[in-house]
Amino acid sequence: MSRLIVISNRVSAPTADKPGAQGGLAVALSAALREADGVWFGWSGETGETGEPNFQTFDGVTSATIDLPEQDVEEYYDGYANRTLWPLFHYRLGLTEFEREFQGGYERVNRLFGDVIAPHIQSDDLIWVHDYHLIPLGWMLRQQGLTNRLGFFLHIPWPPTRLLTALPEHRRLVDALFAYDVVGFQTREWLETFHDYVVREMGGSIGEDDLVTVGGRTIRVIACPIGIDADEFIANATSEQAQAAYTRMVESSIGRSLIIGVDRLDYSKGLEERFNGYQRYLETRPDAHANVYLLQIAPPSRATVESYQIIRAQLDSLSGRINGAFADVDWVPLRYVNQSYPRAALAGIYRAARIGLVTPLRDGMNLVAKEFVAAQDPEDPGVLILSRFAGAAEQLDSALLINPYSPDDIADAIDKALAMSREERVARWRPMFENVRDESVIWWRRCFTDSLMRV
Ligand code: ADQ
């Protein structure tokens with residue numbers, strides 16, 4: 001059996017310092033690494049001189065991390081990954097920064113990853129690289145002479161061709177993807193957008209069996225939607241910690257319906273538009289005041305990037321305005337919280353909610369939507385309101401699908417969800433639940449690695 005080598009910007013496998021597994025991806029990949037005696041490589045999150053990787057084995061999983069010099073972190077991570085590729089791939093050309101230094105840093109760090117990792121690779125290892133931080137890494141590893149089976153999975157959307165061509169070095173970036181044997185996207189939609197680029201910009205062709213050819217090189221390009229660790233989450237939802245969170249929510253709701261939003265504080269998640277939609281609901285349905293409240297949980301992320309400081313300030317002021325305009329002595333319409341919660345507590349909060357409000361402007365997948373579905377009480381499930389622009393909308397198509405840019409759409413969907421009969425709630429929830437359970441994160445891992453093993 002081949003070893004599995006996972007490479008991502010950060011390593012989320014549990015370690016002796018952080019023993020709790022960090023979410024579904026960590027669970028799925030850790031299980032595979034444990035079975036296949038593999039290694040998970042990535043950046044430690046620390047700045048410093050890059051030396052040999054620091055290997056640690058905990059609970060049967062080996063991780064290996066390196067430090068990166070400060071300038072590299074600024075140019076590769078804060079720069080090209082978070083200020084160039086992230087906004088561009090989320091259709092936010094106006095927020096995208098184009099700096100040659102960022103691109104230089106990106107290639108430098110990818111080369112550095114290749115140089116540091118290559119000596120630790122054995123000839124029949126399967127190598128699986130993750131996400132936009134490391135697109136050129138496959139090419140760098142080939143430069144080192146590696147002939148291993150190499151796969152790449154993109155967790156975020158693939159942008160439309162016209163948008164991608166705004167990136168000065170777009171062709172170079174896409175060419176690098178052809179060093180892999182298998183490239184995976186979250187949805188058919190991103191896959192088709194990628195095909196469009198290949199045909200228009202590269203003169204390539206799309207063949208049978210997911211094959212894509214450019215020049216003399218043929219690779220397999222697949223859609224493989226990521227899932228959650230459904231069994232863990234279902235168990236979570238009825239755990240003691242979830243029960244405590246559930247009771248706390250129900251007691252503090254005093255008979256009102258809870259609408260829940262949970263997101264990293266990121267402009268792609270459509271939080272401002274969500275607040276505007278909720279405000280529209282409150283303006284146009286004065287009778288419904290005091291029957292509902294919105295709990296938005298949004299832990300800050302990427303705080304060193306200016307566009308994140310701006311969105312945070314905007315949300316602070318918008319939430320203040322909404323509460324100032326509508327609150328009463330015994331009712332606050334919006335509880336806005338900037339904290340992280342343990343997964344079991346989140347599960348209890350999801351279960352207590354009548355509505356899950358998931359309205360990203362663009363999202364590769366969106367796991368919160370799946371967690372919300374998994375956590376519901378089968379006899380009395382809540383309603384998922386989901387942006388049609390989240391990758392998850394392809395699978396969760398019996399949710400109330402909305403256009404997140406339209407405050408009226410959001411307001412109408414809240415109205416509809418609150419009025420929905422139990423029968424309709426169950427009928428909409430059941431197929432979504434089956435999908436979340438069947439196409440779990442373990443299914444996703446197999447979907448990708450089976451494809452890679454066929455090479
Ligand atoms: P993210 O953009 O981070 O991931 P998402 O898929 O929603 O987005 O995952 C967020 C995770 O963080 C969820 O598991 C959620 O429970 C957790 N989380 C959020 N707020 C939390 C809080 N306050 N406390 C505790 N946990 C919290 C990227 C892509 C997505 C894609 C994933 C996986 O942007 O589109 O779904 O990768 O591929």
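Every value quoted in this text rests on a predicted model; they were computed, and no experiment measured them.

Undergrad: Can you walk me through the overall build of the protein in this structure?
TA: Helix and strand counts for the protein come out as 16 helices and 16 strands. Here the C-alpha radius of gyration of the protein, 22 Å, is about what a compact globule of 455 residues would show, namely 23 Å. Overall, the protein is about 70 × 45 × 45 Å in size when its C-alpha atoms are taken along their principal axes. For the protein, the residues scored as buried account for 48% of the 455 residues in total.

Undergrad: What am I meant to see in the domain arrangement of the protein here?
TA: By a widely used convention, the size of an interface equals the accessible area lost when the partners come together. The assigned domain composition of the protein is domain 1 (4-227 + 441-453) and domain 2 (230-438). Taken residue by residue, the interface counts 20 residues in domain 1 and 18 residues in domain 2. Within the residue set of the side of domain 1 that touches domain 2, elements represented by two or more residues are helix 1 (24-36), helix 2 (70-89) and helix 7 (188-202). Residue contributions to the side of domain 1 that touches domain 2 peak at three residues, all from helix 2. The residue inventory of the side of domain 1 that touches domain 2, partitioned by class, reads eight nonpolar, seven polar and five charged.

Undergrad: For this particular structure, what's the right way to read the sheet that holds strand 16 (residues 400-402)?
TA: In a beta sheet, neighbouring strands pair by backbone hydrogen bonds and run either parallel or antiparallel. Sheet architecture is open: six strands sit in the order 13-12-11-14-15-16, paired in parallel fashion. Looking at the sheet topology across the chains shown, the edges are occupied by strand 13 (334-337) and strand 16. Neighbour to neighbour, the strand axes of the sheet diverge by 20 degrees on average, direction disregarded. Two strands pair when backbone bridges link them, and strand 11 (residues 257-262) and strand 12 (residues 292-297) are joined in this way by six bridges, in the parallel orientation. The residue of strand 12 that forms the bridge with glycine 261 is glutamine 296.

Undergrad: Sorry, what's going on with the sheet that holds strand 1 (residues 4-10) here?
TA: In space, the 10 strands of this open sheet follow the order 3-4-2-1-5-6-7-10-9-8, with mixed pairing throughout. Edge positions in the sheet fall to strand 3 (54-58) and strand 8 (205-206), since each of these pairs with one other strand and no more. One ladder, built from four bridges, connects strand 9 (residues 211-214) with strand 10 (residues 217-223); its direction is antiparallel. Directly across from leucine 211, in strand 10, lies its bridge partner arginine 220.

Undergrad: Sorry, what's going on with the site of the ligand here?
TA: With respect to spatial proximity, 19 residues lie near the ligand, and among them His155, Ser340, Gly364, Met365 and Leu367 are the closest. For the shell around the ligand, the element with the most residues is helix 13 (residues 367-375), which contributes three residues. Residues of the shell around the ligand, tallied by class, amount to 10 nonpolar, five polar and four charged. Counting contributing residues, the shell around the ligand receives three or more from each of domain 1 (4-227 + 441-453) and domain 2 (230-438).

Undergrad: What is the right way to look at the packing of helix 9 (residues 240-253) against helix 12 (residues 343-352) in this model?
TA: It is the contact of helix 9 with helix 12, at a shortest axis distance of 7 Å, that shows an interaxial angle of 40 degrees. Between helix 9 and helix 12, the angle is such that the two are oblique. In the packing of helix 9 onto helix 12, the handedness of the crossing is right-handed. Where helix 9 approaches helix 12, its residues Gln241, Ala242, Gln243, Ala244, Ala245, Tyr246, Met249 and Val250 are matched on the opposing element by Ala344, Ala345, Ala347, Gly348, Ile349, Arg351 and Ala352.

Undergrad: Mind showing me how you'd approach the environment of glycine 151 here?
TA: Mapped onto the elements of the fold, glycine 151 is located in strand 6 (residues 149-153). A sequence separation of 121 residues divides glycine 151 from glutamate 272, and the C-alpha atoms of the two residues are 36 Å apart.

Undergrad: I keep staring at the packing of helix 13 against helix 15 (residues 422-438) and nothing clicks. Help me out?
TA: Helix 15 packs onto helix 13 with a crossing angle of 110 degrees between their chain directions and a minimal axis gap of 9 Å. Between helix 13 and helix 15, the interaxial angle falls into the category roughly perpendicular. Considering the relative orientation of helix 13 and helix 15, their crossing is left-handed. Contacts between helix 13 and helix 15 involve Lys370, Val373 and Ala374 from the first element and Trp429, Met432, Phe433 and Val436 from the second. The class makeup of the residues in the contact of helix 13 with helix 15 is six nonpolar, no polar and one charged.

Undergrad: What exactly am I supposed to notice about the pairing of strand 9 here?
TA: Note: strand 8 against strand 9, two bridges, orientation antiparallel. Each residue of the ladder has a partner; that of isoleucine 206, found in strand 9, is valine 212. Counted between consecutive antiparallel strands, the loop separating strand 8 from strand 9 contains four residues, among which aspartate 209 sits at a positive phi close to 60 degrees. Linking two consecutive strands that pair antiparallel, namely strand 9 and strand 10, is a turn of two residues; a positive phi of about 60 degrees is found at glycine 215 within it.

Undergrad: I would appreciate a short explanation of the nonpolar core in the present structure.
TA: Burial of nonpolar side chains together is a common tendency in soluble globular proteins. Ile7, Ala369, Val373, Leu384, Ile385 and Leu386 are the most contacted members of the largest nonpolar core, which has 141 residues in total. No fewer than three residues from each of domain 1 (4-227 + 441-453) and domain 2 (230-438) sit in this core. Not counting residues within four places of it along the chain, the set of residues in contact with isoleucine 7 comprises Phe41, Gly42, Phe113, Ile117, Ile127, Val129, His130, Leu134 and Leu137.

Undergrad: Got a minute to help me understand helix 16 (residues 441-453) in this structure?
TA: Two residues of an α-helix separated by three or four positions point the same way, owing to the 3.6 residues in each turn. Relative to the 18 Å expected for 13 residues at 1.5 Å per residue, helix 16 spans 18 Å between its end C-alpha atoms, a close match to the ideal helical length. Looking only at helix 16, the buried set comprises Val441, Trp444, Arg445, Phe448, Thr449, Ser451 and Leu452. Here the buried residues of helix 16 occupy an arc of 155 degrees about the axis, which is enough to place them on one side.

Undergrad: Before we go on, may I ask you to explain the environment of asparagine 435 in this structure?
TA: Note on placement: asparagine 435 falls in helix 15. Using a count of 21 C-beta atoms within 10 Å as the deciding quantity, one classes asparagine 435 as buried. The sequence separation of asparagine 435 and lysine 370 amounts to 65 residues, and the corresponding C-alpha distance is 9.1 Å. The residues touching asparagine 435, leaving out its near neighbours within four places in the chain, are Gln395 and Leu396.

Undergrad: Would you take a moment to explain the environment of aspartate 316 for this structure?
TA: Looking at where aspartate 316 falls in the secondary structure, it is placed in helix 11 (residues 306-326). It is 48 Å that separates the C-alpha atoms of aspartate 316 and glycine 203, two residues lying 113 residues apart in sequence.

What counts as what
Residues numbered from 1 in each chain as written. Predicted model: local features only at pLDDT ≥ 70, side-chain atom pairs only at ≥ 80, totals over all residues. Helix = DSSP H or I, 4+ residues; strand = E, 2+ residues; numbered from the N terminus. Rg over C-alpha atoms; globule rule 2.2 N^0.38 Å. Buried ≥ 20, exposed ≤ 12 C-beta atoms within 10 Å, placed from the backbone. Domains from an automatic or database assignment. Contact = placed C-beta atoms within 7 Å. Nonpolar A, V, L, I, M, F, W, Y, C, P; charged D, E, K, R; others polar. Pairing = 2+ DSSP bridges. Axes fitted to C-alpha atoms, helices over the stretch in contact; angles between N-to-C directions. Near = placed C-beta within 6 Å. Parallel < 35°, antiparallel > 145°, perpendicular 65-115°, else oblique. Left-handed = near helix turned anticlockwise from the far one by under 90°. Core = buried A, V, L, I, M, F, W, Y, C linked by C-beta atoms within 7 Å. Expected span 1.5 Å × (residues − 1). Arc of directions from axis to C-beta.

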